[in-house]
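Inside the fold
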Amino acid sequence: MDTIARMGGFMFGIYFILLACIKPVEKQVVPVQEVIEKANTDVPQKTQGVTSVEKLGFIDLRKEFSNIEEPLFFRLRRLEIGPQGTVGFHEHKNRPGVAYILEGAITEYRDSEQLVRKTGEYSFEYNGVQHGWKNHTQEPVRAIVVDVWSPGEEESPEIGVLPEQKEFGEESPKTNSGIALAKKEMSSLDDIFEGKTLRIRVVSVESGGVVGAHKHESRPSFAYVLSGDVIEHRGDGDYPHESGSSVAERNGLMHWWKNTGEEAASIVVVDIVDVPKK
């Protein structure tokens, strides 16, 4: 009995150690050093009611651009904010990004404005921007956030090696067909990447439509399927995707896409590209 009691106490202690190591959801949204305390009580003060933060992908930017030495990652997360939930007021410090609303409506408190962001809308979060969010509705809000992130004192994420990519044969489509660009906008990244910009595009692919074969070189990006069924043909195999699927597109990746469903597919793509020449 004493042995059982000691084992029970040991397991109970381990449970609390593990519990202490689990990072609260609220702290996964905004870095502590970015939090701002505002006297204006109309602005969300704390992060609360965030029901989930999913880390969908990371790209090591040291392997994408030759002039980066310190750990720096391109990151994709999916958040859910419950009814009346908030993301506390904060200032972006060397963490530029863009938030895209997947579902619902949420109010962004930005400067002196209150901006309601609805499904299909997005907000660039450039360096120095000060803002917070609140879900005033009775329904959860879901969003994806893509940002440039430095782990600081946190442990860097482990990223597997990209499988060897084989050249596509002549039968692979080289051009796009059935493609329409629904939205496109850019935000400068000169503060951290001179000559680079953060770009968001929403691409519609009609049934049977194709995104032609191409190779990613110094254009890291994330593709997130908003709706529809598509197959990604890669240099290492074929990968089916549906609504909610995401792909990290890094150096060396070779692929093309086809909409295999009966309805049009919609994909949001966020990437880092060169500033367009005037």
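To keep things clear, this report deals only with the structure shown in the data block. Bear in mind the structure is a predicted one, so any value in this text is a computation, not a measurement. (Residues numbered from 1 in each chain as written. Predicted model: local features only at pLDDT ≥ 70, side-chain atom pairs only at ≥ 80, totals over all residues. Heavy atoms only, no water.)

A closer look at the overall build of the protein chain
Note the threshold: Runs of H or I in DSSP of at least four residues are treated as helices and runs of E of at least two as strands, each being numbered from the N terminus. For every residue, the accessible area (1.4 Å probe, protein chains only) is compared with the maximum for its type, and the residue is labelled buried under 20%, exposed over 50%, or partly exposed between those bounds. We call two residues in contact when some of their heavy atoms are within 4.5 Å.
From N to C terminus, the protein chain includes two helices and 16 strands. For the protein chain, the proportion of its 278 residues judged to be buried stands at 44%. Across the protein chain, contacts joining residues at least 24 apart in sequence account for 74% of those joining residues at least 6 apart.

Comments concerning the pairing of strand β13 (residues 237-241)
To keep it simple, the criterion reads: Being paired, for any two strands, means DSSP has found at least two bridges between them.
Relative to β13, strand β12 (residues 230-234) is paired through five bridges, and the arrangement is antiparallel. By the bridge assignment for β13, Ile231 is matched with Pro240. With antiparallel pairing between neighbouring strands as the criterion, β12 and β13 make up a hairpin whose turn holds two residues.

With respect to the environment of Leu72
Here Leu72 shows up in the loop between β1 (48-60) and β2 (73-91). Expressed as a C-alpha distance, the spacing of Leu72 and Trp149, which sit 77 residues apart in the sequence, is 5.9 Å. Filtering out sequence-adjacent residues up to four positions away, Leu72 remains in contact with Ile59, Asp60, Leu61, Arg62, Val148, Trp149, Ser150 and Phe193.

Things to note about the pattern of salt bridges
Applicable threshold: We define a salt bridge as a side-chain nitrogen of Lys or Arg found within 4 Å of a carboxyl oxygen belonging to Asp or Glu.
Applying the stated criterion to the full structure yields 14 salt bridges. The partner of Arg75 in a salt bridge is Asp147, and the shortest N-O contact between them spans 2.8 Å. One end of the pair, Arg75, is in strand β2; the other, Asp147, is in strand β8 (residues 141-149), and 72 residues separate them in sequence. For Asp147, a relative accessible area of 0% corresponds to the buried category. In this structure, Arg117 engages Glu108 in a salt bridge whose closest nitrogen and oxygen atoms are separated by 2.8 Å. Each of the salt bridges in this network shares a partner with another, and the network as a whole consists of Glu34, Arg75, Arg77, Arg95 and Asp147.

Describing the packing of aromatic side chains
The condition that has to hold: Within 6.5 Å between ring centres, the rings of Phe, Tyr and Trp (the latter by its six-membered ring) count as paired, and their orientation is classed by plane angle as stacked under 30 degrees, edge-to-face over 60, tilted in between. Either the NZ atom of lysine or the CZ atom of arginine qualifies as a charge over a ring when it sits within 6 Å of the ring centre and within 35 degrees of the ring normal.
In this structure the tally under the stated criterion is six aromatic pairs. Residues Phe65 and Phe193 carry aromatic rings whose centres are separated by 5.6 Å and whose planes lie at 50° to one another, so their mutual orientation is tilted. On the criterion of sequence distance, the pair formed by Phe65 in the loop between β1 and β2 and Phe193 in the loop between β9 (177-188) and β10 (196-215) is long-range, its members being 128 residues apart. An identical accessibility class is assigned to Phe65 and Phe193; each is buried. Taking the centre distance of 6.0 Å and the plane angle of 80° together, the rings of Tyr122 and Phe124 count as edge-to-face. Judged by relative accessible area, Phe124 falls into the buried class, the value being 9%. A connected cluster of aromatic rings, assembled from ring pairs, spans Phe58, Phe73 and Trp149. A cation over an aromatic ring shows up here: Arg234 above the ring of Tyr239, its NZ or CZ 4.7 Å from the ring centre.

Concerning the nonpolar core
One recurring pattern in soluble globular proteins is that nonpolar side chains are buried together. Defined as follows: Residues belong to one nonpolar core when they are buried, are Ala, Val, Leu, Ile, Met, Phe, Trp, Tyr or Cys, and are joined through side-chain atoms within 4.5 Å.
The biggest cluster of nonpolar side chains holds 25 residues, and the ones touching the most others in it are Leu61, Phe74 and Ile272. Counting residues per element, the ones that place at least two in this core are β2, β3 (97-103), β6 (122-125), β8, β10, β11 (221-227) and β16 (265-274). Beyond its immediate chain neighbours, meaning those up to four positions away, Ile272 contacts Leu61, Phe65, Phe74, Val148, Leu189, Phe193, Lys196, Thr197, Leu198, Ser218, Arg219 and Pro220. Membership of the second largest hydrophobic core comes to 14 residues, among which are Val29, Val30, Trp133 and Val141.

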